[in-house]
Amino acid sequence: MIKVAVNGYGTIGKRVADAVAAQKDMEIIGVSKTKPSSEALIAVQRGYPIYIADLSKKDAFEKAGIPVAGSVEEMLKKADVIVDGTPGGVGETNKKLYEKAGVKAIWQGGEDHEVAGFSFNAHANYKDAIGRQFVRVVSCNTTGLCRVIKVVDDAFGVVKVRAVMVRRGADPHVVKKGPIDAVVLDPPTIPSHHGPDLNTVLPHINIVTMAMIVPTTQMHMHAITMELKKDASRDEILAIMRKHNRIGLIQPKTAIKSTAELKEYVMDMGRPRSDLWENGVFEASVNMVGKELFFFQAIHQEADVVIENVDAIRAMMGEVKDPETSIRMTNEALQFTAL
Ligand SMILES: NC(=O)C1=CN([C@@H]2O[C@H](COP(=O)(O)OP(=O)(O)OC[C@H]3O[C@@H](n4cnc5c(N)ncnc54)[C@H](O)[C@@H]3O)[C@@H](O)[C@H]2O)C=CC1
Ligand SMILES: O=C(OP(=O)(O)O)[C@H](O)COP(=O)(O)O
């Protein structure tokens, strides 16, 4: 069993912990919290041992009914791989701890590529992650771009990609962030970080991205154009998307044309936390004009990177060498079949 610890048990960390716990070849040996909270109480219910960065807060945790297993340093000693789910910029400051403990670590997309020196997407570069000590899983939007650009590039070749990201303002539970009444250019300059970020995984792709944030919490929405090298029909594009195990096609018969309806649909399906782990490509939007492909896809920011973290763990441990085998194991353990 691969022993996994989650340092930073928030939006991403708690989902990764549950996804790891569902795998047959992995177990959660601990998660870290900075203060007692509803999430910490759920971690107790799930049976995850809780470690804390600042042991002077032990009494506060125990008063809240949260047993403390020890310090974060003690947790690191027991793990094969740490998934760092701390806020962007904080993860980098933990690198020294991981180096000192000689443990493997995975960072998230809020950190720069250089923190790990290797950026990961399971369908794109799993094999290059085999045996590595440090890996960064690219951000949610970049993960969604990697999946769809890689599969289209493999089948038809991509001359260039131009993509606009309409990003959610904050996650649903985050009460302190906006915007409440604005469309914010984020960043006002072009390209946004997503294109250069995609190039850390797929260096040969010509891509320019633009991004803005809007007052919504459910999901991001991408408007994507790709110029292809070979001729492709709409049906051929739909066929490769349909076959992909982390791309879902939202069928016209569902009449879904918004992130809100899509989230409701996934909730009705009974997915844990109503998580959409796959890219949600709107089938009706997929269109070829000459050699240009156009489509919209929804990306559930809290979910798509979660399964990538699980595959990154497997690649770093090196026993499963074939990406598709790992991807299948991850998906099956979660009883996940793309839409
Ligand atoms: N929420 C999202 O939509 C996505 C986030 N990411 C990335 O994932 C990372 C984590 O983001 P979220 O889960 O949204 O953040 P979050 O704020 O929901 O969770 C972070 C957790 O880390 C804890 N924490 C803070 N400082 C810590 C420390 N020094 N040691 C241990 N724990 C500490 C916080 O208490 C919190 O529980 C960031 O790099 C972010 O950019 C990536 C994809 C999507
Ligand atoms: O990885 C994400 O977005 P990104 O791909 O636009 O960087 C997540 O939605 C986190 O974004 P945030 O930095 O707005 O919390």
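All figures in this text were calculated on a predicted structure; none of them were measured in a lab.

K.L.:
Which parts of the structure should I look at to understand the packing of aromatic side chains?
P.N.:
Using the criterion set out here, one finds 5 aromatic pairs in the structure. For the ring pair Tyr-9 and Tyr-48, a centre distance of 6.3 Å and an interplane angle of 75 degrees mean the geometry is edge-to-face. One end of the pair, Tyr-9, is in the loop between β1 (2-7) and α1 (11-21); the other, Tyr-48, is in the loop between α2 (38-46) and β3 (50-52), and 39 residues separate them in sequence. For Tyr-9, a relative accessible area of 2% puts it in the buried group. Overall, Tyr-48 belongs to the buried group, its relative accessible area being 8%.

K.L.:
Got a minute to help me understand the side chain of Arg-147 in this structure?
P.N.:
By the element assignment, Arg-147 lies in helix α9 (residues 140-156). Residue classification places Arg-147 among the buried residues on the basis of a relative accessible area of 0%. Sequence-distant contacts of Arg-147, defined by excluding residues within four places in its chain, comprise Asn-121, His-244, Arg-246, Ile-247, Trp-277, Glu-278, Asn-279, Asp-304, Ile-307 and Glu-308.

K.L.:
Hey, could you run me through the pattern of salt bridges in this one?
P.N.:
Think of it this way: side chains of opposite charge can pair up when their charged atoms draw near. One pass over the structure, following the stated rule, counts 20 salt bridges. Put simply, Glu-283 and Arg-242 hold a salt bridge, and the shortest N to O gap is 4.0 Å. Of this pair, Glu-283 sits in the loop between β14 (279-282) and β15 (287-289) while Arg-242 sits in helix α11 (residues 234-243), and the two are 41 residues apart along the sequence. Arg-242 gets classed as exposed once you look at its relative accessible area, which sits at 53%. Asp-311 is the salt-bridge partner of Arg-246, the closest N and O atoms lying 2.7 Å from each other. Of this pair, Arg-246 sits in the loop between α11 and β13 (247-250) while Asp-311 sits in helix α13 (residues 304-317), placing them 65 residues apart in sequence. The buried category is assigned to Arg-246, whose relative accessible area is 0%. Owing to a relative accessible area of 0%, Asp-311 belongs among the buried residues under this scheme.

The rules behind the values
- Residues numbered from 1 in each chain as written.
- Chains lettered and ligands numbered in written order.
- Predicted model: local features only at pLDDT ≥ 70, side-chain atom pairs only at ≥ 80, totals over all residues.
- Heavy atoms only, no water.
- Phe/Tyr/Trp six-rings, centres within 6.5 Å; stacked < 30°, edge-to-face > 60°.
- Helix = DSSP H or I, 4+ residues; strand = E, 2+ residues; numbered from the N terminus.
- Buried < 20%, exposed > 50% of the residue type's maximum accessible area, 1.4 Å probe, protein only.
- Contact = heavy atoms within 4.5 Å.
- Salt bridge = Lys/Arg side-chain N within 4 Å of Asp/Glu carboxyl O.

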